[in-house]
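# Close look at the chain arrangement
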Amino acid sequence: EDQVTQSPEALRLQEGESSSLNCSYTVSGLRGLFWYRQDPGKGPEFLFTLYSAGEEKEKERLKATLTKKESFLHITAPKPEDSATYLCAVEKNTGNQFYFGTGTSLTVIP
Amino acid sequence: DVKVTQSSRYLVKRTGEKVFLECVQDMDHENMFWYRQDPGLGLRLIYFSYDVKMKEKGDIPEGYSVSREKKERFSLILESASTNQTSMYLCASSPLGRTQYFGPGTRLLVL
């Protein structure tokens, strides 16, 4: 069964305390893996797309990496404004469907 | 900048009412999607469209229909709203085989 699992469900960090969020997938035939940030009451905001194992993308304090079965979103020295839910999605190379994980809720405490 | 807009941020409807949610994108994207998002369940695909007048069912199409008469506009219709359709509704668009961009969402409450 095609599935995307994110862990942990929730994460509380002190400001400056680096950590990683995990997205594992069992989708066969990956076209792309996507990371989004979602603030409460708003739509998801696109962060990164990764297409092949070994690929890495960076944006400010965030870095996304991809292996054959999972992706990590590394957060370096987070700030309170990084608090949000981070969603992972994968797209199969057949059809147009995306499969979303349920997200990791990140809280960064000053 | 990609812009996806949704007709309402908040809606309150009564059980049995017909509800229209509209989504407009300004990037000439082929694909458009409707999701609902519920706590603990994540985003679930209701319908998507890959071209004008074309539509395909997603994972949870029951109780919903869609319309795409123009490329930039994708409407979600709740034929007879029920309380279990209370949710956050998200529209997205994408070019073929690429990133989905989301609208701000419509929070629907059915009483």
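None of the values given here were measured: they were computed from a predicted structure.

With that settled, the discussion passes to the sheet that holds strand β7 (residues 64-70) of chain B. Sheet strands pair via backbone hydrogen bonds, and the direction of the pair is either parallel or antiparallel. Residues and elements named next belong to chain B. Strand order in this open sheet of four strands is β1-β3-β8-β7, and the pairing throughout is antiparallel. Either end of the sheet is taken by a strand with one partner, and the two such strands are β1 (4-6) and β7. Here the strands of the sheet are splayed against their neighbours by 20° on average, with no regard to which way each runs. When β7 meets strand β8 (residues 73-78), the two strands line up antiparallel, connected through five bridges. Residue pairing in the sheet places V66 in a bridge with L76 of β8.

It is worth spelling out the nonpolar core at this point. The biggest cluster of nonpolar side chains holds 23 residues, and the ones touching the most others in it are L33, W35, L73 and Y86 of chain A. Of all the secondary structure elements, the ones that give two or more residues to this core are β2 (10-14), β3 (19-25), β4 (30-38), β5 (45-50), β7 (62-66), β8 (70-75), β9 (84-92) and β11 (104-109) of chain A. With four residues, β9 of chain A is the single largest residue contributor to this core. Excluding anything up to four places from it in sequence, L33 of chain A contacts C23, Y25, F48, T49, L50, L66, S71, C88, A89 and V90 of chain A. Counting residues in hydrophobic clusters, the runner-up holds 20 residues, among them V4, M32, Y64 and C91 of chain B.

Turning our attention to the confidence of the model for chain A. Any region with low pLDDT has predicted coordinates that should not be read closely. Of the residues in chain A, 99% reach a pLDDT of 70 or more, and the chain-wide mean stands at 94. The secondary structure element of chain A with the lowest average pLDDT is strand β10 (residues 98-100) of chain A, at 88, and the one with the highest is β11 of chain A, at 98.

Taken together, the contacts link 26 residues of chain B with 19 residues of chain A. Counting each side, the surface lost to burial between chain B and chain A is near 1600 Å², with a carbon and sulfur contribution of 55%. On inspection of chain B and its partner chain A, the count reaches zero salt bridges. For the interface between chain B and chain A, the tally reads five residue pairs in polar contact (both at pLDDT 80 or more). Elements with a minimum of two residues in the side of chain B that touches chain A: β4 (31-38), β5 (42-51), β9 (87-94) and β10 (101-102) of chain B. Looking at the side of chain B that touches chain A element by element, the count peaks at five residues for β5 of chain B.

This next bit is on the state of the cysteines. Overall, the coordinates contain two disulfides over all chains when judged by the stated rule. Each sulfur in the disulfide pair C23 of chain A and C88 of chain A lies 1.9 Å from the other. Here the S-S torsion is close to -55°, and the disulfide linking C23 of chain A with C88 of chain A is therefore left-handed. Of the two residues, C23 of chain A is situated in strand β3 and C88 of chain A in strand β9; the sequence distance between them amounts to 65 residues. By relative accessible area, which is 0% here, C23 of chain A ends up buried. By relative accessible area, C88 of chain A is classed as buried at 0%. Each sulfur in the disulfide pair C23 of chain B and C91 of chain B lies 1.9 Å from the other. Here the disulfide of C23 of chain B and C91 of chain B is left-handed, its torsion about the S-S bond being about -75°.

Conventions we followed
Residues numbered from 1 in each chain as written. Chains lettered and ligands numbered in written order. Predicted model: local features only at pLDDT ≥ 70, side-chain atom pairs only at ≥ 80, totals over all residues. Heavy atoms only, no water. Pairing = 2+ DSSP bridges. Helix = DSSP H or I, 4+ residues; strand = E, 2+ residues; numbered from the N terminus. Axes fitted to C-alpha atoms, helices over the stretch in contact; angles between N-to-C directions. Core = buried A, V, L, I, M, F, W, Y, C linked by side-chain atoms within 4.5 Å. Buried < 20%, exposed > 50% of the residue type's maximum accessible area, 1.4 Å probe, protein only. Contact = heavy atoms within 4.5 Å. pLDDT = per-residue confidence, 0-100. Buried area = accessible area lost by both parts, 1.4 Å probe. Salt bridge = Lys/Arg side-chain N within 4 Å of Asp/Glu carboxyl O. Polar contact = N/O pair within 3.5 Å; in protein donor to acceptor, adjacent residues only side chain to side chain. Disulfide = S-S within 2.5 Å.

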